[in-house]
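# Summary of structural features
So the chains spell out like this:
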Amino acid sequence: MGNYRYITNRVLKNKNGEEKGRLRGFVRNDSDNIEGDYECPECGHKDKINQVWKRPFNVKCSKCGFLMKIPKIKDEMKREKKKAKK
């Protein structure tokens, strides 16, 4: 990861649980901001992000206002495992 302390490339789900969006982002070692871009899974709008990076990490679509929650990968995997068992 060299110059970055955080990098993510995620598929995002809409309200119906369909994988329709994406988010790519990175935080440089010398910064507290995440930079990148997203495609809203709800309305399809594409935009760039540059905001303070903190947990929990969320991005709000600048067009429709849909809140995209980006959980820790570990937490996301646990939830998916639980769903698969049911």
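Residues numbered from 1 in each chain as written. Predicted model: local features only at pLDDT ≥ 70, side-chain atom pairs only at ≥ 80, totals over all residues. Heavy atoms only, no water.

Before going further, it helps to spend a moment on the pattern of salt bridges. The full count for this structure, using the stated rule, is four salt bridges. Where Arg 22 meets Asp 37, a salt bridge forms, and the shortest distance between an N and an O atom there is 2.7 Å. Within this pair, whereas Arg 22 is found in strand β2 (residues 19–28), its partner Asp 37 is found in strand β3 (residues 33–39), the two being separated by 15 residues in sequence. For Arg 22, a relative accessible area of 25% puts it in the partly exposed group. Taking the shortest distance from any N to any O, the salt bridge between Arg 28 and Glu 35 comes out at 3.2 Å. In the salt-bridge network here, residues are joined through shared partners; they are Arg 22, Arg 24 and Asp 37. (Salt bridge = Lys/Arg side-chain N within 4 Å of Asp/Glu carboxyl O. Helix = DSSP H or I, 4+ residues; strand = E, 2+ residues; numbered from the N terminus. Buried < 20%, exposed > 50% of the residue type's maximum accessible area, 1.4 Å probe, protein only.)

A cluster of basic side chains, namely Lys 78, Lys 81, Lys 82 and Lys 85, defines a positive patch on the protein surface. Here Lys 82 shows up in helix α1 (residues 73–85). (Patch = residues over 30% accessible without salt bridge, like charges linked within 9 Å, V, L, I, M, F, W, Y side chains within 5 Å. Areas by Shrake-Rupley, 256 points an atom, 1.4 Å probe, with all protein chains shown as cover. Lys, Arg positive; Asp, Glu negative; His and termini not counted. Charge placed at Lys NZ, Arg CZ, Asp CG, Glu CD.)

Across the two faces of strand β5 (residues 57–60) the burial differs, with Phe 57 and Val 59 buried and Asn 58 and Lys 60 not buried at all. Of the strand pairs in this sheet, β5 and strand β6 (residues 67–70) are connected by four bridges, and their pairing is antiparallel. Its bridge partner lying in β6, Lys 60 is registered against Leu 67. In this antiparallel pair of consecutive strands, β5 and β6, the connection spans six residues, and Gly 65 shows a positive phi of 85 degrees. (Pairing = 2+ DSSP bridges.)

Per the counting criterion, the structure on display carries two aromatic pairs. Taking the centre distance of 5.1 Å and the plane angle of 75 degrees together, the rings of Tyr 4 and Phe 26 count as edge-to-face. In this pair, Tyr 4 is assigned in strand β1 (residues 4–13) and Phe 26 in strand β2, connecting sequence segments 22 residues apart. Overall, Tyr 4 belongs to the partly exposed group, its relative accessible area being 27%. Of the residues examined, Phe 26 reaches a relative accessible area of 24% and is grouped as partly exposed. (Phe/Tyr/Trp six-rings, centres within 6.5 Å; stacked < 30°, edge-to-face > 60°.)

These figures capture arrangement, not role.
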